[in-house]
Amino acid sequence: MRRRLLSRLASSRTGVAATEFALCLPFLLGAGLMGLEVANRAIIQTQVAQLAAQIADNASRIGDTSTLQDRKIYENDIDDLLRGAAVQGGGRLDLFGHGRVIISSLEVVPGSDDRQYIHWQRCAGTKHHLSSYGLEGDGLNGELAGMGPAGKEVWAFPDEAVIFVEVAYDYRSLVGPHFGMGGEIVSTASFTVRDDRDLTQIYQRNPAAPDPVASCSTYTDPTVET
């Protein structure tokens, strides 16, 4: 009786498919999660790149419109620009909670032919990230070739300005660190200022009650009220 039972069990094929599926399931699940993670990372990288371009484009357009004088920009223009970036990025991205935006105005040193320098810089975001291409004031001594990767720098022409934007963002993995998809995403973009701009400074609309300055020495989220 026992021999016949063992013989029947040895020749039985019942449950083979279920067993094979159970053995393959971890690999199928891993491949599916990997594909999901890769797709999510690609989407976030695209969003960050688009945000860098949108911020640079918008920053090249801001300021008062006047037919009598060059366009002035104000500190609250910068604040509106940064808040708009947070809206464009969406709540899921949480740009300033997990990233850093650095806006630089690349100009020609007054009185020189083409010496490049960073006239001003404004930043926002809680991520600790310094500009990879220079800080405010860099270039006054002629050591700045422009802004951007070596050999691909952008530069400004006399009496004009180029807005250079860097966005650094800490990617948060959907399924944990197992697939090595975490880490920093960095994107840059630049646009030449469209109109004749007053390049002397960034103004305050009401000096008696000045608007906050998005200083690069602080690491805050401008969308969070304090």
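Predicted model only: the values in this text are computed from it and were never measured. (Residues numbered from 1 in each chain as written. Predicted model: local features only at pLDDT ≥ 70, side-chain atom pairs only at ≥ 80, totals over all residues. Heavy atoms only, no water.)

Novice: Explain a negative patch on the surface to me, and be specific about the residues and the numbers.
Specialist: A surface patch of like charges, here negative, comprises Asp 70, Asp 159, Glu 160 and Asp 196. Among the residues examined, Asp 159 registers a relative accessible area of 74% and is labelled exposed. (Patch = residues over 30% accessible without salt bridge, like charges linked within 9 Å, V, L, I, M, F, W, Y side chains within 5 Å. Areas by Shrake-Rupley, 256 points an atom, 1.4 Å probe, with all protein chains shown as cover. Salt bridge = Lys/Arg side-chain N within 4 Å of Asp/Glu carboxyl O. Lys, Arg positive; Asp, Glu negative; His and termini not counted. Charge placed at Lys NZ, Arg CZ, Asp CG, Glu CD. Buried < 20%, exposed > 50% of the residue type's maximum accessible area, 1.4 Å probe, protein only.)

Novice: An account of the environment of Ile 103 is requested, with residue identities and associated values reported.
Specialist: Position of Ile 103 relative to the elements: it lies in strand β1 (residues 99-108). Separated by 47 residues in the primary sequence, Ile 103 and Ala 56 place their C-alpha atoms 7.7 Å from one another. Each residue touching Ile 103, except ones within four places of it in the same chain, is listed here: Ile 55, Ala 59, Leu 81, Leu 82, Trp 120, Gln 121, Arg 122, Ile 163, Phe 164 and Val 165. (Helix = DSSP H or I, 4+ residues; strand = E, 2+ residues; numbered from the N terminus. Contact = heavy atoms within 4.5 Å.)

Novice: Account for the sheet that holds strand β4 (residues 183-192), naming residues and giving values.
Specialist: Pairing in this open sheet of four strands is antiparallel, and the strands run β2-β1-β3-β4 from one edge to the other. The two strands at the open ends of the sheet, each matched to only one other strand, are β2 (116-124) and β4. Here the average twist between neighbouring strands, direction ignored, is 20 degrees. (Pairing = 2+ DSSP bridges. Axes fitted to C-alpha atoms, helices over the stretch in contact; angles between N-to-C directions.)

Novice: I'd like a rundown of the packing of aromatic side chains, residues and numbers included.
Specialist: The final tally for this structure, using the stated rule, is two aromatic pairs. Here Tyr 74 and Tyr 203 contribute two aromatic rings whose centre-to-centre distance is 6.1 Å and whose plane-to-plane angle is 50 degrees, an arrangement assigned as tilted. One end of the pair, Tyr 74, is in the loop between α2 (16-59) and α3 (75-89); the other, Tyr 203, is in the segment after β4, and 129 residues separate them in sequence. An identical accessibility class is assigned to Tyr 74 and Tyr 203; each is buried. Plain terms: the ring middles of Tyr 133 and Phe 164 are 5.6 Å apart, the flat faces sit at 75 degrees to each other, and that makes the pair edge-to-face. (Phe/Tyr/Trp six-rings, centres within 6.5 Å; stacked < 30°, edge-to-face > 60°.)

Novice: Report on the side chain of Ser 112, specifying residues and quantitative values.
Specialist: Tracing the backbone through its elements, the reader meets Ser 112 in the loop between β1 and β2. Polar contacts involving the side chain of Ser 112 include one to the main-chain amide nitrogen of Arg 115, which spans 3.5 Å. (Polar contact = N/O pair within 3.5 Å; in protein donor to acceptor, adjacent residues only side chain to side chain.)

Novice: Quick one: what's the story with the nonpolar core, residue by residue and with numbers?
Specialist: Among the nonpolar cores identified, the biggest contains 31 residues, and Ile 55, Leu 82, Val 101, Ile 103, Val 165 and Val 167 are the most heavily contacted of them. Among the secondary structure elements, those contributing two or more residues to this core are α2, α3, α4 (95-98), β1, β2, β3 (161-171) and β4. For this core, the element with the most residues is α2, which contributes seven residues. Counting eight residues, the second largest nonpolar core, distinct from the first, contains Ile 118, Leu 144, Met 147 and Phe 164. (Core = buried A, V, L, I, M, F, W, Y, C linked by side-chain atoms within 4.5 Å.)

Novice: Kindly report on unusual backbone geometry, identifying the contributing residues and their values.
Specialist: We note that Asp 94 has phi near 50 degrees; this positive angle belongs to a residue other than glycine. Take Asp 94: it is sitting in the loop between α3 and α4. Its identity as a non-glycine residue notwithstanding, Asp 159 has a phi of 65 degrees, on the positive side.

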